[in-house]
Amino acid sequence: MKKIIVLIAIILPVSLVNAQVQEELTPLEIKQTTVVTQPATLKKGFLRAGAALSFSALDKFFDDDTEKRLFPDNIWAKSLSYQFAFQYGVSDRLQASLAIPFRNEFISQSLLLEVPLTNTSTISSWEIKGNGISDIELGLIYQLVPENILRRAVLVSAFLTLPTGEKNPTDVVDEQNYTLPTGSGEGSLNLDMTLRKVNYPFSYEGSVGYNIKFGGTKVLNVGEEPVSFRSANLLTLRGAYNFHLNEWLAFQNDVFYFSFGEDEVDGQTGDTKRWALQYAPRLSFQIKRFRINQAVTFVLKGRNSSADPGYTMVLQYVF
Amino acid sequence: MRKYLMKIYLVLLICLVSNRAVGQVGDSILANETTLIRPLNVHKGQLRISGGYSLLISSTRYDAQGNKIDLSDEGFTNIGHMVDLEFNYGFTEFLQASMGINHLQQAERSRGIAIVTTPDDPINFNEIIERKGWSDIDLTLDFKAPFVTRQFDLVFSVGRSLPVAAHEPEQPEHQIENSGGFNNITYRFLNKAGQGTGAWILGVQSKIRTNKLGFTLEYSHRNFPDAGSNISWRGSLDNDVISYSSSNYDYQLGDQSRFQILSEYQAWSFLNIFLGYQTLRTGEGWTEITGVRALVEEQKRSAIELGAEVLVTPRLWIRQVASFPVGGENSLNPLILSTRASYNLFPFN
């Protein structure tokens, strides 16, 4: 009996030590984890730097009856935005972030004007562009329920957007010759709560967020005086199901539901109901500490919202 | 009865074991193949299912002399989305059957026309030509030359494009709205993606490989032996009501040929980078859409392709290509960004 007790006493600690060794990763290994296996927030002292590129073109929209329609006007608009983002682990449970976005906007339109009375016809083609810094975003993510051995975590986050981008049209010559603004002209605060669970090779996430707009004043129509405005607040629900295709490539599936409130212009509230349901499949390549994410966002359904897909590429490196 | 059941059991056991063995053999074959050394045909018993999405953005067109014209100068915009699906199955190591189909959604907007007859009643016309729907189905048989060496591959293809997809345009739609002081009339022409007539397909593909490099030459040709028949819609305004009527017309599509040269570099076992050039030519055809037979001029377009293929697992790979327009005649030439995934299995072995 004594021998058995001694044997158990030897085996038990050894078993525990093994279990701990399996769980413990070196800092370098943590830096090389994928979007599926990475800690819920960056470890203390880690810095993730990245650049992102997004592209979309104006083509279709969902109307008030949730029918997908093509924009009727002869207009060609595309939006290219790129941003530099930095995330830093203040502690093992708190992550701070900074995103500096830039926008490159382009709109072109052409019109043939015929006036039979004077027997004249004129072709007008114009291009309007805008390029510059957009609204900077500062953020904090905190592990309210820290990631445990079952790899579950509850995260709360707050992101503050500062209206640093140009909010008004500039270099205005007339309605067809001016520079597009690259900022929204108002600050906003996004509060979010996320539940995350990792069950290798899978991870699941669910989150709810609310974006509060602070409003401001800006020129809404070229040539007119600035007016006060406040964009619609935004409720976001998100579900994500991610899994590894192999050791270094993860496939992410995000489904978003956006519900917009009402815009306010000059004290008047609109009555346009807006919502959108989006699906964003993503591929995330993890090459040591370097990561490439690619996503295409498809708008599955919506009401008074864009129906155009968007493409995003993100490059990241953990220091 | 017992003997009978025993025989069934033995047969099932043999099938199960052989199936596992062949499946494992199939997997081991795929596990040893990088993108570079993969044969142009699939293996015996191998089924490959490929699907992808492409974004097509046209910002330029080329005139008959090959001059590049910015579409925004002409007031045109053209954007498209295409989803494609392809199946390949290997009957033997040297004979493969392929089936391909795609779904296209494309919208072309032309310059708006504003007509001011009286200052109080200006009219603004917009026109959208939409092409949407499934394409015809391409069926081909691909014969691989029985070379022993892996350094060189040669494949001949013969097939038929089946005109199963809808090709007759739907009745156009219009919309009248009053905004900005204008009566805005928008016409939508709803075309389909089917060709309306079958085509014979002939092709040849060859590939030369070294340890790290590969060069592929491909030529394919489509011949439309028969003239097709379609309908065109005309609208007329009568008592403030726009009504539509259709009429039949015949047309003959010109032969289509495609030539591609591709050089590839196997950077790592899982990553293949490639650079290519391709040119597409559509020969002369004719159409009687205006009531008299009119020539449809030859069209050409060429592009440089840059892309990469990532071997995710031996069974799954992802290919991304950006195709940049570099020249053409009488045609639009879109920038194409495409992502395609292929999954491989041995289902019947």
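One structure accompanies this document, and this report is about it.

Scoring rules and cut-offs
- Residues numbered from 1 in each chain as written.
- Chains lettered and ligands numbered in written order.
- Predicted model: local features only at pLDDT ≥ 70, side-chain atom pairs only at ≥ 80, totals over all residues.
- Heavy atoms only, no water.
- Phe/Tyr/Trp six-rings, centres within 6.5 Å; stacked < 30°, edge-to-face > 60°.
- Helix = DSSP H or I, 4+ residues; strand = E, 2+ residues; numbered from the N terminus.
- Buried < 20%, exposed > 50% of the residue type's maximum accessible area, 1.4 Å probe, protein only.
- Lys NZ or Arg CZ within 6 Å of the ring centre and 35° of its normal.
- Pairing = 2+ DSSP bridges.
- Axes fitted to C-alpha atoms, helices over the stretch in contact; angles between N-to-C directions.
- Contact = heavy atoms within 4.5 Å.
- Buried area = accessible area lost by both parts, 1.4 Å probe.
- Salt bridge = Lys/Arg side-chain N within 4 Å of Asp/Glu carboxyl O.
- Polar contact = N/O pair within 3.5 Å; in protein donor to acceptor, adjacent residues only side chain to side chain.

### A word on the packing of aromatic side chains
- Applying the stated criterion across every chain yields a total of 18 aromatic pairs over all chains.
- Pairing Phe61(A) with Phe71(A) gives two aromatic rings, centres 4.8 Å apart and planes at 35°, and the pair type is tilted. Taken as a pair, Phe61(A) in strand S2 (residues 60-62) and Phe71(A) in the loop between strand S3 (68-70) and strand S4 (75-89) lie far apart in primary sequence, 10 residues in all.
- Here Phe71(A) falls in the partly exposed class, since its relative accessible area comes to 24%.
- Relative to Phe243(A), the ring of Tyr241(A) has its centre 5.5 Å away and its plane inclined at 45°; by these criteria the two rings are tilted.
- Members of the aromatic cluster, connected to one another through ring pairs, are Phe202(A), Tyr204(A), Tyr241(A), Phe243(A) and Phe251(A).
- The ring of Phe106(A) carries Lys78(A) above its face, with NZ or CZ at 5.2 Å from the centroid.
- Stacked on the ring of Trp317(B), the Lys or Arg Arg38(B) has its end atom at 3.4 Å from the ring centre.

### Observations concerning the sheet that holds S3(A)
Residue and element names in this part refer to chain A.
- One open sheet accounts for 3 strands, arranged S3-S2-S20; its pairing is antiparallel. In the strand order of this sheet, the two ends are held by S3 and strand S20 (305-306), each with one partner.
- Sheet topology note: the S2/S3 ladder contains 3 bridges and is antiparallel. Along S3, the bridge assignment pairs Lys60 with Leu70.

### Here we look at the sheet that holds strand S18 (residues 285-287) of chain B
Residues and elements named next belong to chain B.
- Strand order in the open sheet made by the 4 strands is S14-S15-S18-S19, with antiparallel pairing throughout. Sheet topology places strand S14 (228-238) and strand S19 (294-296) at the edges, where each strand pairs with a single neighbour. On average, each strand axis in the sheet is inclined to that of its neighbour by 35°, with strand direction left out of account.
- Both strand S15 (residues 241-252) and S18 contribute to a ladder of 2 bridges, which runs antiparallel. Within the sheet, the bridge partner assigned to Gln252 lies in S18 and is Trp286.

### Notes on the interface of chain B and chain A
- Facing 37 residues of chain B, the contacting portion of chain A comprises 33 residues.
- Taking both partners together, chain B and chain A bury about 3000 Å²; carbon and sulfur atoms supply 62% of that area.
- Linking chain B with chain A are 1 salt bridge, by the criterion used here.
- For Asp59(A), the salt bridge is made with Arg109(B), and the minimal N-O distance between the two is 2.8 Å.
- Across the chain B-chain A interface, the total number found is 12 residue pairs in polar contact (both at pLDDT 80 or more).

### Some words on the pattern of salt bridges
- On inspection of all chains with the given rule, the structure shows 31 salt bridges over all chains.
- Notably, a salt bridge pairs Arg103(A) with Glu105(A), separated by 2.8 Å at the nearest N-O pair.
- Accessibility expressed as a relative area gives 12% for Glu105(A), which makes it buried.
- A salt bridge links Lys207(B) to Glu264(B); the nearest nitrogen and oxygen atoms lie 3.0 Å apart. One end of the pair, Lys207(B), is in strand S12 (residues 199-209); the other, Glu264(B), is in strand S16 (residues 256-268), with 57 residues separating them in the sequence. When sorted by exposure, Lys207(B) lands in the same class as Glu264(B), which is buried.
- The network of salt bridges with shared partners includes Glu147(A), Arg196(A), Glu205(A), Arg238(A), Asp254(A) and Arg282(A).

### A look at the pairing of strand S21 (residues 316-329) of chain B
Residues and elements named next belong to chain B.
- As judged from the 13 bridges shared by strand S20 (residues 299-313) and S21, these two strands associate in the antiparallel manner. Opposite Ser302, over in S21, you have Gly327 as the bridge partner.
- Here S20 hands over to S21 after 2 residues, the two strands then running antiparallel side by side.
- Two strands pair when backbone bridges link them, and S21 and strand S23 (residues 335-345) are joined in this way by 8 bridges, in the antiparallel orientation. Looking at the pairing, Ser323 lines up with Ile336 of S23.

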